[in-house]
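Spelled out from the first residue to the last, the chains are:
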Amino acid sequence: MAGSDHRPLLCSIQNTARPTYTPFRFQNMWTLHPDFIKVVENNWNSNLHADPWIRLWLNQKNLASHLKKWNWERFGNVNEQLEAIQNEVHNLEEGLLMGRNSEYEVHHANERLLAQIRYHECFLQQKAVVTKFTDGDRNTRYYHACINHRRKCNMILNINNINGRKLINADEIAYDVVQHFQKLFTNELDFRSPIETEMFTNCHHYAHNLNLTSTPLEYEIKQTLDSIDGLKTARPDGYTSTFYKATWDRTKQEIILAVQNFFLGVDPPKYFSTSTITLIPKNQNRKTWGDYMPISLTNVISKIISKIIVFRLQPHLQHLISDNQVAFFKGRNITDNILLSQELLLDLVRNCRGRNVIFKLDISKAYDTINWEFILDTLSARGYNEEFINLIHRWLKCNAHSILINGKCHGFFNATRGIKQGDHLSPTIFILALDYLSRQLNI
């Protein structure tokens, strides 16, 4: 900061309070320790409860408490541990030259140093949510830069409310954000025209015969789990997919039964259906809540259920979605429509009978405000069977949200409209519903 006597500066410094309670967060570096599997085996009981959902919940809570204690005993502060071992190796190497230490002691200390370096880099990589580097030189400086940048972007120190008043108090900001998004995700009683079912006559029979609700078997659940990135932020139960992959032989029974229960019609408790909304800035000028994108962080079990449905739907979308729908569609490129728009704009000035005109349609907050009844009516008009429609209806209703602001979660409410941004199934459901608009524009 620089100034002069002729231009005084008025500075306002706000110190945000650190959270008093730190929730459990699984660290992927734990899986690198040779004792990790033993800790899981000793604290994962398969006979705690008859209900698979409750059993999985009890196992997770019990294991989390033991892992937190084990973490401090085996890892402690990874930064301080790394520095201490580096100093130890340096002293042993000097002692070797002086004849005070043996080569075995230096070799053993170097092995511990390499292990600590792997723990430290894995810890920073997960904290920075960086997937660009897989192997090679250490990138600790880059990781620290990513961590500081994410921390800076995620801090919200002031915001303008709906009345234009600037809020700077942390409690006022937290209250206002909960009120804003609770209202956004709440259904408004407005008139909606009925679905024109004749638009989907060409795909009605095809969709009706799809088998999308059968109970998944172990290989399908494991294949889906392997497709989930282990570096994604863990919320709200704290476990990442890396934990389930590393402990699959010990934990698979509870995971398989829980996922199968959902497809058999048993809804998960709020512990598994809850999502944490984190706000991602859309631009540099962040003045209102509209300048943030709400991304839902869901549990791994919820992601597995969503991705199973996605993997079952994806091979058939080519026969169900119009050709002009290219967004969120695997195998199609959204840039095709951009190039087409450019060609049409170039031809706009050409003289023709009746003149030329282009309409630009923009759906504001489409993800957050789409009507659930409209989604279900569209699926019914497409010809999907009742079992699949009920499955999607249950997927929509199984939601409970809290909002993460400056490291703390605030509020707890249920949505009655919109779909969760960040859920793997949301883009597919969105294009199945939005395709109705595309077909209307083609008429």
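One structure accompanies this document, and this report is about it. All chains use their own residue numbering, which begins from 1 and follows the written sequence. Reporting in this predicted model follows two pLDDT cut-offs: at least 70 for local features of residues, and 80 or more for side-chain atom pairs to be given and counted; totals over whole chains, interfaces and linings ignore these cut-offs and use all residues. Side-chain measures here rest on the full set of heavy atoms in the structure, leaving out hydrogens and waters.

**Details of the overall build of the chain**
Let me state the cut-off plainly: Segments assigned H or I by DSSP are reported as helices when at least four residues long, segments assigned E as strands when at least two residues long, and all are numbered from the N terminus. Partly exposed residues are those whose accessible area sits between 20% and 50% of the maximum for their type, while under 20% is buried and over 50% is exposed, using a 1.4 Å probe and protein chains only. Contacts are residue-level and defined by heavy atoms, with any inter-residue pair within 4.5 Å sufficient. Methods summary: accessible areas were calculated by the Shrake-Rupley approach with a probe of 1.4 Å, and residue burial reflects only the protein chains presented.
Of regular secondary structure, the chain possesses 18 helices and six strands. Within the chain, the proportion of its 443 residues that are buried is 43%. Intrachain contacts of the chain at a sequence separation of at least 6 include 71% that bridge at least 24 residues. For the chain, the accessible surface area stands at approximately 25,800 Å², while carbon and sulfur atoms represent 52% of it.

**Focus on the pairing of strand E4 (residues 292-297)**
Here is the rule we go by: In short, DSSP must find at least two bridges between two strands for them to pair.
Burial runs high along E4: five of the six residues are buried. Sheet topology places strand E3 (residues 274-281) next to E4; six bridges connect them, and they run antiparallel. Counterpart to threonine 276 in the pairing with E4 is leucine 297.

**Focus on unusual backbone geometry**
Notably, asparagine 406 is not glycine yet its phi reads approximately 50°, a positive angle. Secondary-structure assignment places asparagine 406 in the loop between strand E5 (400-405) and strand E6 (408-413).

**Here we look at the environment of histidine 180**
Relative to the helices and strands, histidine 180 resides in helix H6 (residues 170-184). For histidine 180, a relative accessible area of 31% corresponds to the partly exposed category. Sequence spacing of histidine 180 and tryptophan 289 is 109 residues, and the spatial spacing of their C-alpha atoms is 7.7 Å.

**Digging into the packing of helix H8 (residues 218-226) against helix H10 (residues 248-263)**
Worth spelling out the cut-off: Inter-axis angles, ranging from 0 to 180 degrees, are taken between N-to-C directions of lines fitted to C-alpha atoms, where helices are fitted over the stretch in contact. We call two directions roughly parallel when the angle between them is under 35 degrees, roughly antiparallel when it is over 145, roughly perpendicular when it lies between 65 and 115, and oblique otherwise. Note on residue categories: nonpolar means Ala, Val, Leu, Ile, Met, Phe, Trp, Tyr, Cys or Pro, charged means Asp, Glu, Lys or Arg, and polar means any other residue, Gly included.
Direction vectors running N to C along H8 and H10 enclose 105°, while the axes themselves pass 10 Å from each other. By the angle between their directions, the pair H8 and H10 is classed as roughly perpendicular. Between H8 and H10, the contacting residues are Glu218, Ile221, Lys222 and Leu225 on the first element and Trp248, Lys252, Ile255, Ile256, Val259 and Gln260 on the second. Its residues placed into classes, the contact of H8 with H10 shows six nonpolar, one polar and three charged.

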